[in-house]
Amino acid sequence: MPGLEGNLGCPRRMAVFAVFDVIDRLGGEYEKAMAGDIKARLNVLGKTGEYAFAVTELSPEASILHISLLHTMEWLTEEEKQLSLRYLMDTVLYHIDEA
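The notes below deal with the structure included here. These figures come from a predicted structure and were not determined experimentally.

**Examining the pairing of strand β3 (residues 38–44)**
Item 1. By the alternation rule, side chains of β3 split into Ile 38, Ala 40, Leu 42 and Val 44, which are all buried, and Lys 39, Arg 41 and Asn 43, of which none is buried.
Item 2. For strand β2 (residues 29–32) and β3, the ladder comprises four bridges, and the chain directions are antiparallel. Following the sheet pairing, Tyr 30 is matched in β3 by Ala 40.
Item 3. In terms of strand pairing, β3 meets strand β4 (residues 47–59) through seven bridges, oriented antiparallel. Bridging from a neighbouring strand, Lys 39 pairs with Ala 52 of β4.
Item 4. Joining the antiparallel neighbours β3 and β4 is a turn of two residues, in which Leu 45 adopts a positive phi near 55 degrees.

**Overview of the environment of Lys 32**
Item 1. For Lys 32, the position within the fold is in strand β2.
Item 2. On the basis of relative accessibility, which here comes to 68%, the residue Lys 32 falls in the exposed class.
Item 3. Between the C-alpha atoms of Lys 32 and Val 55, which are 23 residues apart in sequence, the distance is 13 Å.

**Some points on the packing of aromatic side chains**
The relation between two aromatic rings is expressed through the spacing of the ring centres and the mutual angle of the planes.
Item 1. Scanning the entire structure with this criterion turns up one aromatic pair.
Item 2. With a centroid separation of 4.8 Å and 55 degrees between ring planes, the pair formed by Phe 20 and Tyr 30 is classed as tilted. Here Phe 20, found in helix α1 (residues 12–25), pairs with Tyr 30, found in strand β2; they are ten residues apart in sequence, far enough to count as distant.

Conventions and cut-offs
- Residues numbered from 1 in each chain as written.
- Predicted model: local features only at pLDDT ≥ 70, side-chain atom pairs only at ≥ 80, totals over all residues.
- Heavy atoms only, no water.
- Buried < 20%, exposed > 50% of the residue type's maximum accessible area, 1.4 Å probe, protein only.
- Helix = DSSP H or I, 4+ residues; strand = E, 2+ residues; numbered from the N terminus.
- Pairing = 2+ DSSP bridges.
- Phe/Tyr/Trp six-rings, centres within 6.5 Å; stacked < 30°, edge-to-face > 60°.

Here's what the structure looks like:
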């Protein structure tokens, strides 16, 4: 299962809200999975997939965002999988910067 993680210069709570906002903007459906994880079905770059998002707190002012691709509805190359993860990470980072 391909994944990506990135350091965020914001509190965990703000990062979690940013993830939900991005999922909503992309018209995705989500559910809370395991403790703290968010599982979402999203159409990213024209392909539908299931993704897992988790945010780990490093300090009150910093956190790490983890995004994993769980399952794709359409065939994706490895490059497309990584591109979809990068797109989601960049979209969340951009949303945090806007706030």
